[in-house]
Amino acid sequence: MTWETVIGLEVHAQLKTCSKLFSSSATRYGAPANSQTSYIDAGLPGILPVLNQKAVQMAIQFGFAINATINNDSFFERKNYFYPDLPKGYQISQFQRPIVSDGHLDIDDHQQTKRVEILRAHLEEDAGKSLHEAHPTDTGIDLNRAGNPLLEIVTTPCITSAKEAICYLKTLHQLLVFLDICDGNMQEGSFRCDVNISIRPKGQNTLGTRTELKNLNSFRFIEKAIHYEECRHQDLLESGQIVLQETRLYCPKTNTTQVLRTKENENDYRYFPDPDLLPIHITAEDFA
Amino acid sequence: MLTSAQEFKKIATLAHLEADSKSAHQLASDVSSIMGFIEQLRTVDTTAVTPLIHPLELHQRLRVDEVHETSCVEQLAAIAPLFAEDLYLVPKIIESGK
Amino acid sequence: MHTLSLTALTKALQQREFSSTELTQHYLNRIEKYQELNAFISIDAKGALSAAALADKALKNAETPTLMGIPMAHKDIFCTEAMPTTCASKMLEHFYSPYSATIVKRFQNAGAILVGKTNMDEFAMGSTNENSYFGPVKNPWNIECVPGGSSGGSAAAVAASLVPFTTGSDTGGSIRQPAAFCGLSGLKPTYGLVSRFGMVAYASSLDHAGAFAHSAEDLALILQTMAGFDEHDSTSIQRPLPNYSAALKKPIKNLRIGLPAGFFHEEVDGDIKEALHAAVTLFEAAGATVVPLDLTLQPMWVPCYYVIASAEASSNLSRYDGVRFGHRARHAKTLQELITRSRTEGFGMEVKRRVLLGTHVLSSGYFDDYYVKAQKVRRLIQEELQQALSTVDIILGPTTPSTAYKLGEALRYPTQRYLADSFTVGANLAGLPALSIPMGFSKGLPIGMQMIGPHFSEASLLNIADYYQQVTDWHHARPNEL
């Protein structure tokens, strides 16, 4: 049996703005814990979000660079779930109508040009950080990062190998840094990648069950994780078992992936339009 | 309609609420009866109608990208139920991600 | 002193007939005397008298803002640095907000004296003020009756002359209905006219900040201070404000009044219908014409409201998880336990009911049939109201189908209680300004008349209400023993 790999990539790029997406706190990396957390970032009762102009401009700039459609009247939605690093109990994101859609990025993979289709790029706020080693019996939460502006860039499942994935990611990384909309610092979390991977018999049209891979903060790890998953999927399917739809974490120490959560435990995010924010109106000036 | 205890439990879990069996029964029954009351919305013909999110059809005002906030960690600490060494504390989370 | 209107009080202070300190002490004494009404959750006598002393200094100068030295109270839904903001919930029982709401700052800058925070239904969910962690509020007209809700404490405080005016919030009628039950003038402005920054959110697209006073003339003064653009609120409107007081006393000769048939169905008290017709007669005598209206979607107002309000509330209340502020469950061993127990212990039954309902209508499999459907019906409701308002200047009707219920009477059936909001929620769904003013009594309990106008027609609404209050005396009535 010959198998082919199908990969879709989601990149969260932190936009290089001075202030956060919905509050005027600083976004600088490495500040003392909770010193860049305003009342808005902490989700205190009564606070309200106001949108950062520069973040919108950067998203539009990116949209142009990838020949995408810039959607007028895109709007924000709430992604509802509970986690201590998510102060409001919901993340302000975009779902039904992202600011950018249907673009592409051409990558040069060994004398061959491949067109990677970018389904969408949308604005959303980042969550805080959970620090598990900070305290013996408790997890510590630092909300400095909560509210930082992210551009989530999603491809279609058009990537067929680890090599291609890395090539796309490096090209995208270069583009973002060149446009000066992201500093691309992977160690600091400015460029984070999640991989959606499945395999199927060569020539089959329908997609196999996919695994979502998280916690990949270097190109090397991404490559290794993809290779591991390809083998894991193949081993399962060839031994007559099925691939479960799961989210898995890559563990660099063992070079394996481990289950984080299964489909059954997945949240129903109950997306709905955020009533505290109005639709983003793009004018001709924004295209100048 | 909330037809089963299982459905109720699912919603309660999503909302991070729990109830003893008596309250759960009361709440489930209340929610079901309100849902029954809400059913009448279906009688309205909404073909080709776009949903209304905001009462006034306006657009989002954009804020200039400037930093105006300084640290308010002391004020946050003062109102936090459990806060130590500049961090909010919660029972240890086993998994290392979401 | 407490029998004077707000307008008269502002003049008296400016003319130094008495001092703000005397006035504030007088109200503080009354608040203490009428504690059994349970209108207040927090009182700050020391802070109030301090502020009054400063106001007295300022009043020695010629030019001071109109509300300088006037005591007031905020509904306990507005964040105040000076005292707790509880939203009448165990969840926020000891919560001190580190910042103050925009409208709180505006009244402070205008020199008004904050004496305390008023009682309310928990997180603004309710219409009787019986859903408060701090106990029910009593109607000053009959202490066996409810004052209405959710701004019951704010209404009771003004009705009993414990302060000359209070702020309130109105998501489905929570200012207008208590105004009707307590014989007051209550205003819910156009959506976006008054800032929501610092007003604890219940249902963001339906929440409005507003006020209670004894007359439209008083409301004009209050609105002038409250209203106006706030950069901290994305839904705040940027437009020049009229001078609301200067817009009063204009003739209402060509006024076209719309009367929806649906506001006069058989479930509405006979006394209320009669009072409304008497009011209409008065308007007609001044040259107004009546246009019958048929708001066919009016029966859908309440179900539509409940889907949207509970959906938004279920999300707005997710921040209460015991981590950053508010009630935290003890001895929770896991994160899940911490969040679930904190919320279960912190919220009352009505809040839980609405959070569960909201979670359900947003959940996968139900979202399109309920939430999206309700938002579509909402657009049709707004269109119908706006269409009606293109043929008339105001829509008139009773504020409520009945007078105030007895304490404990309404609690039994949720859907029955919800129908009490039948006439008020439409204005919230459409974002239209609406007010309630007293128009009579039935068996000793006040009756209110509601006027709804087009967006940003507050000046006109207040003018019409003020006219009615020039030719009638209902707004002068005060509860006997008080």
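Before any of the text, the structure's been laid out above.
Here is what the cut-offs are and how they apply
Residues numbered from 1 in each chain as written. Chains lettered and ligands numbered in written order. Predicted model: local features only at pLDDT ≥ 70, side-chain atom pairs only at ≥ 80, totals over all residues. Axes fitted to C-alpha atoms, helices over the stretch in contact; angles between N-to-C directions. Helix = DSSP H or I, 4+ residues; strand = E, 2+ residues; numbered from the N terminus. Parallel < 35°, antiparallel > 145°, perpendicular 65-115°, else oblique. Contact = placed C-beta atoms within 7 Å. Nonpolar A, V, L, I, M, F, W, Y, C, P; charged D, E, K, R; others polar. Core = buried A, V, L, I, M, F, W, Y, C linked by C-beta atoms within 7 Å. Buried ≥ 20, exposed ≤ 12 C-beta atoms within 10 Å, placed from the backbone. Pairing = 2+ DSSP bridges.

A. Representation of the packing of helix 9 (residues 301-316) of chain C against helix 11 (residues 349-362) of chain C in the model. Residue and element names in this part refer to chain C. Packing of helix 9 against helix 11 brings their axes to within 7 Å, and their N-to-C directions diverge by 100 degrees. Overall, the two elements helix 9 and helix 11 adopt an arrangement that is roughly perpendicular. Contacts from Val307, Ser310, Ala311, Ala313 and Ser314 in helix 9 reach Arg354, Val355, Leu357, Gly358, Thr359, Val361 and Leu362 in helix 11. The residue inventory of the contact of helix 9 with helix 11, partitioned by class, reads 7 nonpolar, 4 polar and 1 charged.

B. Looking closely at the interface of chain B and chain C. Of the residues lining the interface, 40 residues belong to chain B; the matching set on chain C comes to 52 residues. Elements supplying a minimum of two residues to the side of chain B that touches chain C: helix 1 (5-14), helix 2 (21-38), helix 3 (73-79) and strand 3 (87-91) of chain B. No other element matches the 7 residues that helix 2 of chain B contributes to the side of chain B that touches chain C. In the side of chain B that touches chain C, the residues fall into 28 nonpolar, 8 polar and 4 charged.

C. Main features of the nonpolar core. Ranked by internal contacts, the top residues of the largest apolar core, which has 241 residues, are A:Ala59, A:Ala165, A:Val195, C:Ile113, C:Cys304, C:Val307 and C:Met451. When residues in this core are grouped by element, the largest group, 10 residues, is from helix 9 of chain C. Those residues in contact with A:Val195, other than ones at most four positions away along the chain, are A:Ile7, A:Leu9, A:Ala165, A:Leu213, A:Leu216, A:Ile222, A:Ala225 and A:Ile226.

D. View of the sheet that holds strand 13 (residues 246-251) of chain A. Residue and element names in this part refer to chain A. Pairing in this open sheet of 9 strands is mixed, and the strands run 3-6-7-10-1-11-12-13-14 from one edge to the other. One side of each edge strand has no neighbouring strand; the edge strands of this open sheet are strand 3 (69-70) and strand 14 (256-262). As judged from the 6 bridges shared by strand 13 and strand 14, these two strands associate in the antiparallel manner. Looking at the pairing, arginine 248 lines up with valine 259 of strand 14. Strands in contact with helix 1 (residues 53-65) are strand 3, strand 6 (100-109), strand 7 (112-125) and strand 10 (149-155); relative to strand 7, the strand with the most contacts, it is inclined by about 165 degrees. In this fold helix 3 (residues 219-238) packs onto strand 1 (3-14), strand 11 (191-201), strand 12 (211-216), strand 13 and strand 14, with an angle of close to 25 degrees to the strand it touches most, strand 11.

E. Examining the interface of chain A and chain C more closely. On the chain C side, the residues contacting the 25 residues of chain A number 36 residues. Of the residues contributing to the side of chain A that touches chain C, the split by class is 16 nonpolar, 4 polar and 5 charged.

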